[in-house]
Amino acid sequence: MHDRLGNLLGAASLAVTDLVVAGATDAGRVSASGAAALVVLSAAPDLGVTELGRRVGLTQSAAARMVDGLQAAGLVRRRSGGGRVVHVRLTPKGEEAVRGMLAARGAPLAEVLTVLDDDERETLTGLLAKLLTRLYEEIGDSDVICRLCDRRCCTTGAVCPVGQAERDAGGV
C-alpha cells in the first residue's frame, strides 16, 4: 500500500513510536527493550526470563543480558522458580521507574491529541480499535502489541480492542 493514506499512517506511526520510546527510555534511563520489559513486568510479575524476552522481542540470551543490566540498576530482582526457571520481578525502584516511564510516554501523546476535538477523538478511538483488531490478526500476540501500554487506562471503563481480539480468536 503506497497510497497517500498508507504513507501518512506510516509517517504518523513512526513519529508516535519515536515519542513513546523516547519518553519511556529517557524517564527510565533504560534501553527500549528494558523499558518494555519493565512495563511488561508491571502487568505480569514473576515472568521467566525467556518469556519476558519473547514479549519484548529478544532471544533468551539477550533477555538474560538485559535482565542482568536491569538488576544491576536495581530495577528488578531474580528468584529461582525451581529447576532452570528464573522469575523476574520489579523492585520498588523498578515500580517507580515504570510510573515515570508511563507518564513520560503519555505526555507527548496527550499533547499530540490536543489538535483533535471531542468528536474527532471519539472517531479516532474507534478507528484505532479497528486497526488494532486487524493488527492482532496479523501479529497474533497481545503481549507483544501491548508491551509499552498503560493497561489500566486502556481497560478502565472500556474493553481493550487487542484483548478482545485475542479472546475472540480463542487465545484467552
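Here, the structure is the one placed above.
Here goes a summary of the coordinates provided. (Residues numbered from 1 in each chain as written. Predicted model: local features only at pLDDT ≥ 70, side-chain atom pairs only at ≥ 80, totals over all residues. Heavy atoms only, no water.)

Some remarks on the overall build of the protein
Reasoning step 1: Counting its secondary structure elements, the protein contains nine helices and three strands.
Reasoning step 2: Tracing the protein from N to C terminus, the helices and strands come up as α-α-β-α-α-β-β-α-α-α-α-α.
Reasoning step 3: Whereas a compact globule of 172 residues would reach a radius of gyration of roughly 16 Å, the protein reaches 17 Å, a difference of no more than 12%.
Reasoning step 4: By principal-axis analysis of the C-alpha atoms, the protein measures approximately 50 × 35 × 35 Å.
Reasoning step 5: Within the protein, counting contacts between residues at least 6 apart in sequence, those at least 24 apart form 51% of the total.
Reasoning step 6: Entry remark: accessible area of the protein is about 10400 Å², with carbon and sulfur atoms responsible for 57%.
Reasoning step 7: Side chains of the protein carry 20 positive and 21 negative charges; the gap between the two charge centres is 10 Å. (Helix = DSSP H or I, 4+ residues; strand = E, 2+ residues; numbered from the N terminus. Rg over C-alpha atoms; globule rule 2.2 N^0.38 Å. Contact = heavy atoms within 4.5 Å. Areas by Shrake-Rupley, 256 points an atom, 1.4 Å probe, with all protein chains shown as cover. Lys, Arg positive; Asp, Glu negative; His and termini not counted. Charge placed at Lys NZ, Arg CZ, Asp CG, Glu CD.)

Details of helix α9 (residues 161–168)
Reasoning step 1: Taken as a whole, α9 has its buried residues at P161, V162, G163, A165 and E166.
Reasoning step 2: Contacts made by the buried residues of α9 are with α6 (118–139), α7 (142–145) and α8 (151–155). (Buried < 20%, exposed > 50% of the residue type's maximum accessible area, 1.4 Å probe, protein only.)

Quick word on the pairing of strand β2 (residues 76–80)
Reasoning step 1: Sheet topology places β2 next to strand β3 (residues 86–90); five bridges connect them, and they run antiparallel. By the bridge assignment for β3, V76 is matched with L90.
Reasoning step 2: Linking β2 to β3, which pair antiparallel, is a turn of five residues; within it G82 sits at a positive phi near 95°. (Pairing = 2+ DSSP bridges.)

Comments concerning the pattern of salt bridges
Reasoning step 1: Applying the stated criterion across every chain, the model contains 10 salt bridges.
Reasoning step 2: For the salt bridge of D143 with R55, the shortest nitrogen-to-oxygen distance reads 3.4 Å. Taken together, the positions of D143 in helix α7 and R55 in helix α3 (residues 49–56) put the pair 88 residues apart, joining distant regions of the chain.
Reasoning step 3: Owing to a relative accessible area of 15%, R55 belongs among the buried residues under this scheme.
Reasoning step 4: One continuous salt-bridge network, built from bridges that share partners, spans E51, R54, R55, D141 and D143. (Salt bridge = Lys/Arg side-chain N within 4 Å of Asp/Glu carboxyl O.)

Some thoughts on a nonpolar patch on the surface
Reasoning step 1: A contiguous nonpolar patch, built from L9, L128, L131, L135 and I139 and spanning about 430 Å² of accessible area, is present on the exposed surface.
Reasoning step 2: Tracing the backbone shows L131 in helix α6. (Patch = residues over 30% accessible without salt bridge, like charges linked within 9 Å, V, L, I, M, F, W, Y side chains within 5 Å.)

Some points on the packing of helix α2 (residues 32–43) against α3
Reasoning step 1: Their axes nearest at 9 Å, the elements α2 and α3 cross at an angle of 115°. The crossing of α2 and α3 is right-handed. Contacts from S33, A36, A37, V40 and L41 of α2 reach α3 at L52, R55 and V56. (Axes fitted to C-alpha atoms, helices over the stretch in contact; angles between N-to-C directions. Left-handed = near helix turned anticlockwise from the far one by under 90°.)

Examining the sheet that holds β3
Reasoning step 1: Spatially, β1-β3-β2 is the arrangement adopted by the three strands of the open sheet, whose pairing is antiparallel. The sheet terminates laterally at β1 (47–48) and β2, the two strands that pair on one side only.
Reasoning step 2: Across the face of the sheet, α2 comes into contact with β1, β2 and β3 while running at roughly 90° to β3.

Considering the environment of A15
Reasoning step 1: Looking at where A15 falls in the secondary structure, it is placed in helix α1 (residues 4–28).
Reasoning step 2: C-alpha of A15 to C-alpha of R84: the two residues are 69 residues apart in sequence and 41 Å apart in space.

What to know about the pairing of β3
Reasoning step 1: With two bridges joining them, β1 and β3 adopt antiparallel strand pairing. Considered in β3, the bridge of G48 is made with H87.

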